Amino acid sequence: MSTASFFQKIRTYHHLSEEAELAWTKLLRPKVYKKTENFINEGQQPRKVAFVIQGLFSQYYPAANGDLIIKYFFPEGRFAASVSAMLSHSPSLFTITAIEDTTVWEYDFFEFKNLFAAHPDIAAFYINYIELHWIIEKEPLEISFREDTAKTRYDDFLRKYPNLVKRLKKHHIASFLGITPTQLSRIFFSNK
C-alpha cells in the first residue's frame, strides 16, 4: 500500500520536506478494520491515530438513557483519534468503530509528536490540522447544535456531506443530529 495519497493529503495542510516524510513514513503501519470492529474503545488509553484511506469510522459515546450519540464521522482523507484522551493521558470517553470495512495508515501519536523537534514542518502540519478541524470547523457545529432546528442541522449535513449521506443508515444520521430516527423521517419527507 502506497503512502502517496497520505502525503498528498498532508500537503494540503502544510508542505513537508523529504526528510520529514521519510521520518513519518517509518511510523506508518497499514491496517484493515472490518465493519463493526473498534479502532478505539471507550475507557481505553489510546496511543494510535488512523488516517482513513478507504472506508468510514464513527466516533460515539453512550447517553445516560443507553442511546449511542455519534459525535463525528471519519471518511476517507480524515484522521481518526481520541486526541483529547492522548493529550491528557486519560481514558477515551468515546468509541471509534468502523461503519464499513476500513483501510487505514496507523501510527503512534507519541512517536509522531517526538518528530516535532527535528521536523518543524511536521509540527506546522499538526497545528494547521488541529486549528482547522478542532477550532474553525468545530465551533460553528457546537453553536448549530444549541441554536438551530433539527431541520436546519439536517439540511446543513446534506450540504456539507452529500457523499456521506448515501453511505450511512438513517439511525447514524439521526444519532449525529441528536434526534430520533422518527424525527429524521419526518424531516426527510418534508424536504421532498
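Structural data are supplied above this passage.
These notes cover the structure that comes with them. Predicted model, so just to flag it, every value in this text is computed and none were measured.

What counts as what
Residues numbered from 1 in each chain as written. Predicted model: local features only at pLDDT ≥ 70, side-chain atom pairs only at ≥ 80, totals over all residues. Heavy atoms only, no water. Helix = DSSP H or I, 4+ residues; strand = E, 2+ residues; numbered from the N terminus. Polar contact = N/O pair within 3.5 Å; in protein donor to acceptor, adjacent residues only side chain to side chain. Contact = heavy atoms within 4.5 Å. Pairing = 2+ DSSP bridges. Axes fitted to C-alpha atoms, helices over the stretch in contact; angles between N-to-C directions. Salt bridge = Lys/Arg side-chain N within 4 Å of Asp/Glu carboxyl O. Buried < 20%, exposed > 50% of the residue type's maximum accessible area, 1.4 Å probe, protein only. Parallel < 35°, antiparallel > 145°, perpendicular 65-115°, else oblique. Left-handed = near helix turned anticlockwise from the far one by under 90°. Nonpolar A, V, L, I, M, F, W, Y, C, P; charged D, E, K, R; others polar. Phe/Tyr/Trp six-rings, centres within 6.5 Å; stacked < 30°, edge-to-face > 60°.

1. Re the side chain of Arg78
With respect to the secondary-structure elements, Arg78 resides in the loop between β5 (68-74) and β6 (79-80). Side-chain polar atoms of Arg78 contact the side chain of Tyr72, separated by 2.6 Å. Residue contacts for Arg78: discarding those within four places in its chain leaves Ala50, Phe51, Val52, Tyr72, Tyr129, His133 and Glu137.

2. Some thoughts on the sheet that holds β5
A sheet is described by the order of its strands in space; here four strands give the open sequence β2-β7-β4-β5, paired in antiparallel fashion. In the strand order of this sheet, the two ends are held by β2 (38-40) and β5, each with one partner. Each strand axis lies, on average, 30° off the axis of its neighbour in the sheet, ignoring direction. Bridging between strand β4 (residues 57-62) and strand β7 (residues 95-98) involves four bridges; their strand directions are antiparallel.

3. What about the pattern of salt bridges?
All chains considered together, the criterion is met by eight salt bridges. The partner of Lys160 in a salt bridge is Asp156, and the shortest N-O contact between them spans 3.2 Å. Here Lys160 pairs with Asp156, and both are found in helix α7 (residues 150-160), just four residues apart, close to one helical turn. Judged by its relative accessible area of 42%, Lys160 falls in the partly exposed class.

4. Looking at the environment of Glu106
Following the sequence through the fold, Glu106 ends up in strand β8 (residues 102-108). For Glu106, a relative accessible area of 9% puts it in the buried group. For Glu106 and Ser185, which are 79 residues apart along the polypeptide, the C-alpha to C-alpha distance reads 37 Å.

5. Comments concerning the packing of α7 against helix α9 (residues 170-177)
Two elements in contact, α7 and α9, have axes whose closest approach is 10 Å; the angle formed by their N-to-C orientations is 120°. Viewed along their axes, α7 and α9 adopt a mutual orientation that is oblique. In this structure, α7 crosses over α9, and the sense of that crossing is right-handed. Two secondary-structure elements touch here, α7 through Arg153, Tyr154 and Phe157 and α9 through Ile173, Phe176 and Leu177. Looking at the contact of α7 with α9 residue by residue, the classes come out as five nonpolar, no polar and one charged.

6. Details of the environment of Ser84
Following the sequence through the fold, Ser84 ends up in helix α3 (residues 83-88). You can call Ser84 partly exposed: its relative accessible area is 41%. C-alpha of Ser84 to C-alpha of Pro46: the two residues are 38 residues apart in sequence and 9.9 Å apart in space.

7. Concerning the sheet that holds β8
On the basis of which strands lie adjacent, the open sheet formed by four strands has the order β1-β8-β3-β6 and antiparallel pairing. Bordering the open sheet on either side are β1 (29-33) and β6, each of which pairs with just one other strand.

8. Observations concerning the packing of aromatic side chains
Using the criterion set out here, one finds 30 aromatic pairs in the structure. Aromatic pair Trp24 and Phe125: ring centres 5.3 Å apart, planes at 55°, arrangement tilted. Here the residue Trp24 occupies a position in helix α2 (residues 18-25), and Phe125 occupies one in helix α5 (residues 120-136), the gap between them amounting to 101 residues. The burial state of Trp24 is the same as that of Phe125; both residues are buried. Where Phe116 meets Tyr126, the ring centres are 5.3 Å apart and the plane angle is 45°; that geometry is what we call tilted.

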